[in-house]
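# Overview (structure and organization)
For reference, the chains in residue letters:
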Amino acid sequence: MPLFVAGINHRTAPVAVREQLAVEEDKLRELLRDVQATGVTGELVILSTCNRVEVYGVADAPGEARAVAFRHLCRHRGVAEASLEPMLYVHVEADAVRHAFRVAASLDSMMIGEPQILGQMKDAFAVAQACETVGPTLHVLFTQAFNVAKRVRTETEIGRHAVSVSFAAVELAKKIFDGLGGRAVLLVGAGKMSELAAKHLVEQGAYPIYVTNRTWARAQELARALSGTPVPWDDLGPAMAGADIVITSTGAAGHVVTRGSVQQAMAGRRSRPLFFIDIAVPRDVEPSVGTLPGVYCYDIDDLRQVVDANIRERRREAQRAEALAEREVAKFLARLGDAEVVPTIVSLRERLETIRVAEVRKALARLPGAPPETREALEAVSTAIINKVLHAPITKLRESSRAGAGRSWTDVVSELFGLGRKP
Amino acid sequence: MHPTIFNLAVIGYICATGLALAYLVQREELIYRLADLATLAGWALHTLALVVLGVESGRPPLGSLPQAISMAVWVIVLLAMWAERQYGVKVLGAFVLPIVVLLSLKVAAGRPLGEITPTLRNAWIWVHIALALVGIAAFVLNFVGALMYLLQDWSLKHKRTGTFYYRLPSLATLDRLTYRTLALGFPFLTTGLILGALWAGSAWGSVFAFDPLALFSFLAWAIYAATLAGRAAAGWSGRRAAYFALVGFAALALTLGAGLFFPGRHGS
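Residues numbered from 1 in each chain as written. Chains lettered and ligands numbered in written order. Predicted model: local features only at pLDDT ≥ 70, side-chain atom pairs only at ≥ 80, totals over all residues. Heavy atoms only, no water.

## Observations concerning the overall build of chain A
When helices and strands are tallied, chain A shows 15 helices and ten strands. Each of the three principal axes of chain A carries a C-alpha extent, and together these read 115 × 60 × 30 Å. The contacts of chain A with a sequence gap of at least 6 include a subset with a gap of at least 24, amounting to 72%. Summed over its atoms, the accessible surface of chain A is roughly 20000 Å², and 55% of this surface lies on carbon and sulfur atoms. Between the centroid of the 53 positive side chains of chain A and the centroid of its 51 negative side chains there is a distance of 3 Å. (Helix = DSSP H or I, 4+ residues; strand = E, 2+ residues; numbered from the N terminus. Contact = heavy atoms within 4.5 Å. Areas by Shrake-Rupley, 256 points an atom, 1.4 Å probe, with all protein chains shown as cover. Lys, Arg positive; Asp, Glu negative; His and termini not counted. Charge placed at Lys NZ, Arg CZ, Asp CG, Glu CD.)

In C-alpha cells:
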C-alpha cells in the first residue's frame, strides 16, 4: 500500500486557516479513530502545529484517503472543505518520505532550523501510537525521520546560530568571554528585550546581576524578578567598573554612558573586556565607546545585523542539510524496496524447496536400500539445481525493487511460479 | 633513506594544509577529519625520518640548522595537535600548517647533511639546541594564537560576521592559548639561551661571538620577557599581549632568517 502525506503549511495556507484547522491533543485522538474507522487508511499519523496540519498515512487510494481525512478534519473544526482544496498538497511514496524527513529536520519550517518541530512530530507520533493507528510502515518512516533530524542537527550548523536579537547578544557575549559562568551583568534601565537578554545570560550561568534605574522602586522590582541586586542610579560608574556585560535600555534622550565614564571604568580593570549591549533607541551608549581597547559595543542595529548574518548562515547550512536528507531518502527507499520484494523471494524459495523435497522423497522411494552416499548426492544435486535456477530471478527482483519497479516484477514472478497473491 | 621519508612527511603536511584551509571555508566535518589524519600521518612519517636520521648518524638529529628546524617543525606539529584538542580550536591547522610547510620546504631544499664541527662535540650543545627548539615551537603557536585573537577582535570590534567570526573561538579562549604558549615557551627559550651563552663563552671565549642568530634571539627573548612580566604582574591581556606576541615572533623569525641566510657560528 502506498505511503502518502497530505496537508497544508505556512506556505500554502494563511495563518487564519491554519489556526482554524489546528487540532488539540484530545480532539486528535478522536479524529485519528474516526478516520481509521472508515477503513480507507491502513496506518495514520496526524501532525498539527501552528504552522502545519498534515496527515501521514498508508492507503490503497491516497487521493481518497486524503479526501476522507480532511473531510473529517473540516467537520471537526467547522471549516468549509472547498475553501481548503487549493491549499492542500499531497505527496506519495518517495516524495512523502522526502517530505517527512525535511519536516522533521526543520528544513520545511518557517524559520529554518527551529528545534520545536521535531518535538511536535514526536508527540504526534506518540499520540498515533497510543491510538494504535501506527503500523510497520509509518513506524519505520517516523523513526528514520527522527534519526535524520538528529543527524542534520549534529552534522550541520543549521540550528547553531541565534536568530533573535536577545540570543544574538548571548552569542556575542560567548564570543568574547567564552563561558558566561561568573560573568557579572549590569542592567541599566528596564525593557522587555533587555530583561529577556538578561534572562538568557543568567541561563548560561552569568552571575551576579546588578540592576539600576532612575526610579529606585523599578530597580528593586526588576532586581527581584531576576534575583539580582539593585544599584542606585548615581553608582552607575562604579557598577560598570565591576561588570562584564552591560545591557542598556533607558528611555533617556541623551547618552547615559559616555566615553569618559567608560574610560574611567576601564582604568582599574587590567584590560578585562567590557561588553555593551545597547538596546535603547535613541542609543544610551555613546558610539565612540566601542573604539576603546577591550570594549565591545553593539546597538540594536548591530544585533539585527548579526541576526541577519546568522540567518544567511543557516540557509547555507540548510543546503548541506538538504543534501544529507536526500541521501537518507535514497537509502530509505532502497531498504523499503527490498522489504517489498523479500516476501516474494521467500515464498519462491519455499515453493521450490517443497517441490525439491517431495521429488527427492519420491526418487528415494523407488530406490530402496540405496547407500547413504546416494541419498546425499541426490540432496546435493537437487539443491544445487534450484539454487542455480533461483539465482537469476532473485537478482532480478532485488534490482528491480531498487529501480522502483519491484511491484510489477513480484506480480510476474508470482504468476509464473503460482505463488498465490500476496496479502 | 631519511630524505625520502622526510619528503613523504612534507607531502603529508602539504595535504593537511590544503584540507585545513578548505575547512576554514567549508565547515564539513569530513574535511576536518581528513586534515587531522593527514597531519597525523605527516607527523608519524616525520618522526620516523628523525629516528632514521638519528640512528644513521649515531647522534641526535640536530647536527645542522636545517636538521634543527626539522626538529622544531616536529615539535610545532605536536604542540598544534595538542592545542587543537585542548582548546577546541578546530581551525588552528589552517594557521599553523602553512608555517609548518614553509619551514619544512626550506629544510627539504637544504643540503641533506651539514656535519657539525668537532668543537661542538659536547653533550651540552644538544641540550642547548633541544631546549631552544621547544621554546621556538611554543612561540610559533603563541604567534598563531595572537594572530587569531586579533582577527576575532577585529571581527567583533567592526561587527564583521564573516568566516573568522563564525570559525574562530572566543577571545577568552584565544587569550588563554597565547598566555599558555608564552608561559610554556619562555622557560625553554631562557634555559636554552643561557646554556648557549655559557657554552659559547667557554668554547669561543666570548658570549655572543658576533653571531647574528644569537643577537636576534636575545632580542626576541627580551620582548617575550617583557610580555610575560606585563601579563603576570600588570595583568596585560587581550590586544596588547597579542601585539607583543607578534613583535616577539618577528624577532624570532629574524633570528631564524639570520641563521639560515647569514653566515655565523650557528650556520655551520
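## What about the interface of chain A and chain B?
Every contact between the two is made by 28 residues of chain A and, on the other side, 26 residues of chain B. Here chain A and chain B share an interface that buries about 2100 Å² over both sides, 41% of which is from carbon and sulfur atoms. The largest share of the area that chain A buries against chain B comes from K175, Y296 and R320 of chain A, three residues that together contribute 30% of it. Where chain A packs against chain B, one counts four salt bridges. Residues D302 of chain A and K159 of chain B are paired through a salt bridge, measuring 3.0 Å at the closest nitrogen-oxygen approach. At the surface where chain A touches chain B, the tally comes to 19 residue pairs in polar contact (both at pLDDT 80 or more). Elements with a contribution of two residues or more to the side of chain A that touches chain B: α8 (165-177), β10 (295-299) and α13 (300-365) of chain A. The class makeup of the residues in the side of chain A that touches chain B is eleven nonpolar, seven polar and ten charged. (Buried area = accessible area lost by both parts, 1.4 Å probe. Salt bridge = Lys/Arg side-chain N within 4 Å of Asp/Glu carboxyl O. Polar contact = N/O pair within 3.5 Å; in protein donor to acceptor, adjacent residues only side chain to side chain. Nonpolar A, V, L, I, M, F, W, Y, C, P; charged D, E, K, R; others polar.)

## Observations regarding the nonpolar core
Counting residues in each nonpolar core, the largest one holds 104 residues, and the members touching the most others are L201, I245, I247 and F275 of chain A together with L92, M148 and Y224 of chain B. Setting aside residues up to four positions removed in sequence, M148 of chain B forms contacts with V89, L92, F95, L168, L174 and L177 of chain B. (Core = buried A, V, L, I, M, F, W, Y, C linked by side-chain atoms within 4.5 Å. Buried < 20%, exposed > 50% of the residue type's maximum accessible area, 1.4 Å probe, protein only.)

## Comments concerning the sheet that holds strand β6 (residues 209-212) of chain A
All names here are of chain A. Overall, parallel pairing links the six strands, which are arranged β7-β6-β5-β8-β9-β10 in an open sheet. Each edge of the open sheet carries a strand with a single partner, namely β7 (229-231) and β10. Geometrically, the sheet is characterised by an average inter-axis angle of 20° between neighbouring strands, direction not taken into account. For strand β8 (residues 245-248) and strand β9 (residues 274-278), the ladder comprises four bridges, and the chain directions are parallel. Bridging from a neighbouring strand, I247 pairs with I277 of β9. (Pairing = 2+ DSSP bridges. Axes fitted to C-alpha atoms, helices over the stretch in contact; angles between N-to-C directions.)

## Remarks on the side chain of D108 of chain A
Residues and elements named next belong to chain A. As for its placement among the helices and strands, D108 is situated in the loop between α5 (94-104) and α6 (116-130). Classification of D108 as buried rests on a relative accessible area of 3%. Here N9 takes part through its side chain, which lies 3.3 Å from a polar atom of the side chain of D108. When residues no more than four places from it in sequence are discounted, the contact partners of D108 are N9, H10, R11, R52, H99, R102 and V103.

## Some details on the packing of aromatic side chains
What characterises a pair of aromatic rings is the spacing of the ring centres plus the angle enclosed by the ring planes. Applying the stated rule across the entire model yields 14 aromatic pairs over all chains. Taking 5.9 Å as the distance between ring centres and 75° as the angle between the ring planes, the aromatic pair formed by F125 of chain A and F146 of chain A counts as edge-to-face. A residue pair is termed long-range when its members are at least 10 positions apart, and F125 of chain A in helix α6 and F146 of chain A in helix α7 (residues 136-155) qualify at 21 residues. Each member of the pair F125 of chain A and F146 of chain A is classed as buried. Seen in terms of ring centroids, F139 of chain B and Y224 of chain B are 3.6 Å apart; in terms of plane orientation they differ by 15°. Their pairing is stacked. Here F139 of chain B is found in helix α5 (residues 123-158), whereas its partner Y224 of chain B is found in helix α8 (residues 212-234), with 85 residues between them in sequence. Ring pairing ties together the aromatic residues Y56, F125, F142 and F146 of chain A, which thus form one cluster. It is K157 of chain B that lies over the ring of Y296 of chain A; its NZ or CZ is 5.1 Å from the centre. (Phe/Tyr/Trp six-rings, centres within 6.5 Å; stacked < 30°, edge-to-face > 60°. Lys NZ or Arg CZ within 6 Å of the ring centre and 35° of its normal.)

## Things to note about the domain arrangement of chain B
Residue and element names in this part refer to chain B. Segmentation of chain B into domains returns domain 1 (1-116) and domain 2 (119-268). With 30 residues of domain 1 at the contact, the number on the domain 2 side is 32 residues. Regarding the contact of domain 1 and domain 2, the summed buried area is about 2900 Å², with carbon and sulfur atoms giving 82% of it. Residue assignment for the side of domain 1 that touches domain 2 shows that the elements contributing at least two residues are α1 (2-25), α3 (65-86) and α4 (92-109). Residue contributions to the side of domain 1 that touches domain 2 peak at twelve residues, all from α3. (Domains from an automatic or database assignment.)

## What about the sheet that holds strand β2 (residues 43-48) of chain A?
Residues and elements named next belong to chain A. Strand order across the open sheet formed by four strands is β2-β3-β1-β4, with antiparallel pairing between neighbours. Each end of this open sheet is capped by a strand with a single partner; those strands are β2 and β4 (89-92). Mean inter-strand twist for the sheet, computed between neighbouring axes without regard to direction, equals 15°. Bridge count between strand β1 (residues 3-9) and strand β3 (residues 52-58): seven bridges; the pairing is antiparallel. In the strand pairing of β3, N9 is matched with R52. Contacts between α6 and the sheet are confined to β2 and β3, with β2 contributing the most and set at about 140° to the helix. Here α7 sits on the sheet in contact with β1, β2 and β3, set at roughly 40° to β2.

## Structural notes on the pairing of strand β5 (residues 185-188) of chain A
Residues and elements named next belong to chain A. Residues V185 and L187 point to one face of β5 and L186 and V188 to the other, with burial holding for every one of them. Pairing of β5 with β6, which is carried by four bridges, proceeds in the parallel orientation. Across the sheet, L187 pairs through a bridge with V211, a residue of β6. You can see the chain leave β5, run along helix α9 (residues 192-203) and come back into β6, and the turn it takes is right-handed. (Right-handed = clockwise from strand over helix to strand, strands pointing away.)

## Considering the environment of S48 of chain A
In this structure, S48 of chain A sits in strand β2. Placed 299 residues apart in sequence, S48 of chain A and S347 of chain A show a C-alpha to C-alpha distance of 41 Å.

## Quick look at the pattern of salt bridges
As a working rule, side chains carrying opposite charge can pair if their charged atoms are close by. A complete count under the given rule lists 34 salt bridges over all chains for this structure. Note that E328 of chain A and R151 of chain A form a salt bridge whose closest N and O atoms lie 2.4 Å from each other. Here R151 of chain A lies in helix α7 and E328 of chain A lies in helix α13, a separation of 177 residues in the sequence. The class for R151 of chain A is partly exposed, based on a relative accessible area of 28%. Across the pair K90 of chain B and E29 of chain B runs a salt bridge whose closest N-O atoms are separated by 3.0 Å. Taken together, the positions of K90 of chain B in the loop between α3 and α4 and E29 of chain B in helix α2 (residues 29-57) put the pair 61 residues apart, joining distant regions of the chain.

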